[in-house]
Amino acid sequence: MSEHNLCQEFLSQVSDYLDNLVDPITCEELERHLVDCTNCRIFVDTLKKTVYLYQQREADIELPGGVRERLFKVLSLDDLVR
Ligand SMILES: [Zn+2]
């Protein structure tokens, strides 16, 4: 159960984490969670690749709002967020 809560906490900050908006301590905590949690690691990996591919295709265009939220649904991670 506590593991599930950590995932929720992680996912609530993953967007800021990928944008490097979290402070170093939080960043460290998030990365420590990534080491332990395969689900979140796969999620971040997929998210990074998707964002990267998107940016290659649409150079110089920023991700419109809501894209990451939609990705959560596309990747069927509703279980983790719930
Ligand atoms: Zn997790």
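Refer to the structure printed above.
Calculation notes
Residues numbered from 1 in each chain as written. Predicted model: local features only at pLDDT ≥ 70, side-chain atom pairs only at ≥ 80, totals over all residues. Heavy atoms only, no water. Donors = N, O, S within 2.8 Å, 3.2 Å for Na, K, Ca; no water. Tetrahedral: all angles 85-135°; square planar, octahedral: opposite > 155°, others 65-115°. Helix = DSSP H or I, 4+ residues; strand = E, 2+ residues; numbered from the N terminus. Buried < 20%, exposed > 50% of the residue type's maximum accessible area, 1.4 Å probe, protein only. Expected span 1.5 Å × (residues − 1). Arc of directions from axis to C-beta. 1 Å grid on protein atoms, 1.4 Å probe; cavity = no way out; pocket = protein on both sides within 12 Å on 5 of 7 lines; lining within 4 Å. Points joined across faces, edges and corners; volume = space filled by probe spheres on them. Nonpolar A, V, L, I, M, F, W, Y, C, P; charged D, E, K, R; others polar.

(A) Local environment of the coordination of the zinc ion. Within the protein, the zinc ion binds to Cys7 (SG), His33 (NE2), Cys37 (SG) and Cys40 (SG); these donor distances fall in the range 2.1 to 2.3 Å. Metal-centred angles of 102 to 115° between the four donor atoms at the zinc ion mark the site as tetrahedral. Mapping the donors of the zinc ion onto the primary sequence gives the spacing C-x25-H-x3-C-x2-C. Linking cysteine 7 in helix H1 (residues 2-18) with cysteine 40 in helix H3 (residues 38-57), this pair joins segments that are 33 residues apart in sequence. By relative accessible area, which is 5% here, cysteine 7 ends up buried.

(B) Representation of H3. When the terminal C-alpha atoms of H3 are compared, their 28 Å separation across 20 residues agrees well with the 28 Å that a helix rising 1.5 Å per residue should span. The complete set of buried residues in H3 reads Cys40, Phe43, Val44, Leu47 and Val51. Down the axis of H3, the sector holding all buried residues measures 95°, keeping them to one side. Opposite the packed face of H3, turned more than 90 degrees from it, sit the exposed residues Ile42, Lys49, Tyr52, Leu53, Gln56 and Arg57.

(C) Local environment of unusual backbone geometry. Unusually for a residue other than glycine, asparagine 20 sits at a positive phi of about 60°. Looking at asparagine 20, the relative accessible area reads 66%, which means it is exposed.

(D) Structural detail: the layout of surface pockets. Taken as a whole, the largest pocket spans an internal volume of roughly 170 Å³. Those elements that provide at least two residues to the lining of the largest pocket are H1 and helix H2 (24-36). No other element matches H2, which puts six residues into the lining of the largest pocket. In the lining of the largest pocket, the residues fall into three nonpolar, three polar and four charged.

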